[in-house]
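Chain by chain, the residues:
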Amino acid sequence: MVIAIDGPAASGKSSVARRLARKIGFDYVNSGAMYRAVTWELLREGIDPARSESVEAALARMSLDCGFSGEGEFFIRVNSELPEVELRESSVNSQVSEVSAIPAVRRLIGSRLHAVAAGRRVVMEGRDIGTAVFPETPHKFYLDATPEVRRRRRAAEGHNDSIEKRDRIDSTRRHAPLAVAPDANVIDTSHLTLEGVVEAITGILRHRGIGPA
């Protein structure tokens, strides 16, 4: 079972998805971290994300795995390394949207996400989980917030990347653009606390008979 939580940058997806998963006893999967891991490795190899042929060649030789630790924590391994803080580097922040727009990257990560979710109950967050990766799931949520609120949130996290640029790239890419699934529950997080958003989602799921195992 997959609960999909999509939305633009700084809409609260990661915090909400992690807290929701813990509350209802599901596993948490951060798809964005997968794209960051690929971006980090490409930059580490000195590959220009704008050169799609070079990117595809790198993907062909790249070992990209993901799964859960014995404690149930989601992990990503790329070429035998487990990047963590590296995924938040400014260079990765500035390039991840461009890398994510490459169809070959999305296909690769989409296949890994299907494999890691097989046979599990997961809360998965991203930008196209409910529209492209798991369009068949009936449990779709789309989080959003005003640009002003999202800019403040990014600044509070220590990032100075452009929300407008990331929105433009994410929503206009040809393959699996950021969009609201027709059957998604849309929640504006602008003036809600983290717990308020989690409770709103939990309430909807509770009516569907979904809760702690």
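Keep in mind that this is a model prediction, so the values were computed, not measured.

So, empty space enclosed by the protein
Link 1 in the chain: One pass over the full model with this rule turns up 1 cavity of 30 Å³ or more.
Link 2 in the chain: Considering the residues around the largest cavity, the lining is formed by D6, G130, T131, K140, F141, Y142, A179, V180, A181 and A184.
Link 3 in the chain: Breaking the lining of the largest cavity down by element, the ones donating at least two residues are α6 (129-133) and β6 (140-144).
Link 4 in the chain: Partitioning the lining of the largest cavity into residue classes produces 6 nonpolar, 2 polar and 2 charged.

With respect to the side chain of R106
Link 1 in the chain: As for its position among the elements, R106 is in helix α5 (residues 103-117).
Link 2 in the chain: Judged by its relative accessible area of 7%, R106 falls in the buried class.
Link 3 in the chain: Polar contacts involving the side chain of R106 include one to the side chain of D128, which spans 3.0 Å.
Link 4 in the chain: Those residues within four positions of R106 in sequence are excluded, and the remaining contacts are Y35, S100, D128, R173, H175 and A176.

A word on helix α8 (residues 163-172)
Link 1 in the chain: All of the buried residues along α8 are I163, R166, D167, I169 and D170.
Link 2 in the chain: Packed against the buried residues of α8 are α2 (31-44), α4 (90-100) and α7 (147-156).
Link 3 in the chain: At the N-terminal end of α8, a side-chain oxygen is found 3.4 Å from the backbone nitrogen of E164, two or three residues along, and the residue is S162.

A closer look at the pattern of salt bridges
Side chains carrying opposite charge are able to pair once their charged atoms draw close together.
Link 1 in the chain: One pass over the structure, following the stated rule, counts 16 salt bridges.
Link 2 in the chain: Between D170 and R173 there is a salt bridge whose closest N-O contact spans 3.3 Å. Of the two residues, D170 and R173, neither departs from the other in class, the shared state being buried.
Link 3 in the chain: Through salt bridges with shared partners, one network takes in K23, E199 and R206.

With respect to the pairing of β6
Link 1 in the chain: Taking burial as the measure, the 5 residues of β6 include 4 buried ones, the bulk of the element.
Link 2 in the chain: Bridge count for strand β1 (residues 2-6) against β6 is 3 bridges, and the pairing is parallel. By the bridge assignment for β6, A4 is matched with K140.
Link 3 in the chain: Two strands pair when backbone bridges link them, and β6 and strand β7 (residues 185-188) are joined in this way by 4 bridges, in the parallel orientation. The residue of β7 that forms the bridge with L143 is I187.

Quick notes on the packing of α7 against α8
Link 1 in the chain: Where α7 contacts α8, the two axes come as close as 10 Å, and the packing angle between them is 110°. Put simply, α7 runs roughly perpendicular to α8. Facing R150, R151 and R154 of α7, the residues of α8 in contact are I163, E164, R166 and D167.

Let's talk about the nonpolar core
Link 1 in the chain: Judged by nonpolar contacts, the single largest core of 38 residues is most densely connected at V38, V105 and M124.
Link 2 in the chain: Apart from residues no more than four positions distant in its own chain, M124 is found in contact with V2, I3, A4, I5, V29, L113, A117, I129 and F134.
Link 3 in the chain: Membership of the second largest hydrophobic core comes to 18 residues, among which are I3, I5, V16 and I201.

Notes on the packing of α2 against α5
Link 1 in the chain: Packing of α2 against α5 leaves a shortest axis separation of 10 Å and a crossing angle of 135°. Put simply, α2 runs oblique to α5. α5 is crossed by α2, and the crossing has right-handed handedness. Of the residues in α5, those in contact with S31, M34, Y35 and V38 of α2 are V105, R106, I109, R112 and L113.

Scoring rules and cut-offs
- Residues numbered from 1 in each chain as written.
- Predicted model: local features only at pLDDT ≥ 70, side-chain atom pairs only at ≥ 80, totals over all residues.
- Heavy atoms only, no water.
- 1 Å grid on protein atoms, 1.4 Å probe; cavity = no way out; pocket = protein on both sides within 12 Å on 5 of 7 lines; lining within 4 Å.
- Points joined across faces, edges and corners; volume = space filled by probe spheres on them.
- Helix = DSSP H or I, 4+ residues; strand = E, 2+ residues; numbered from the N terminus.
- Nonpolar A, V, L, I, M, F, W, Y, C, P; charged D, E, K, R; others polar.
- Buried < 20%, exposed > 50% of the residue type's maximum accessible area, 1.4 Å probe, protein only.
- Polar contact = N/O pair within 3.5 Å; in protein donor to acceptor, adjacent residues only side chain to side chain.
- Contact = heavy atoms within 4.5 Å.
- Salt bridge = Lys/Arg side-chain N within 4 Å of Asp/Glu carboxyl O.
- Pairing = 2+ DSSP bridges.
- Axes fitted to C-alpha atoms, helices over the stretch in contact; angles between N-to-C directions.
- Parallel < 35°, antiparallel > 145°, perpendicular 65-115°, else oblique.
- Core = buried A, V, L, I, M, F, W, Y, C linked by side-chain atoms within 4.5 Å.
- Left-handed = near helix turned anticlockwise from the far one by under 90°.

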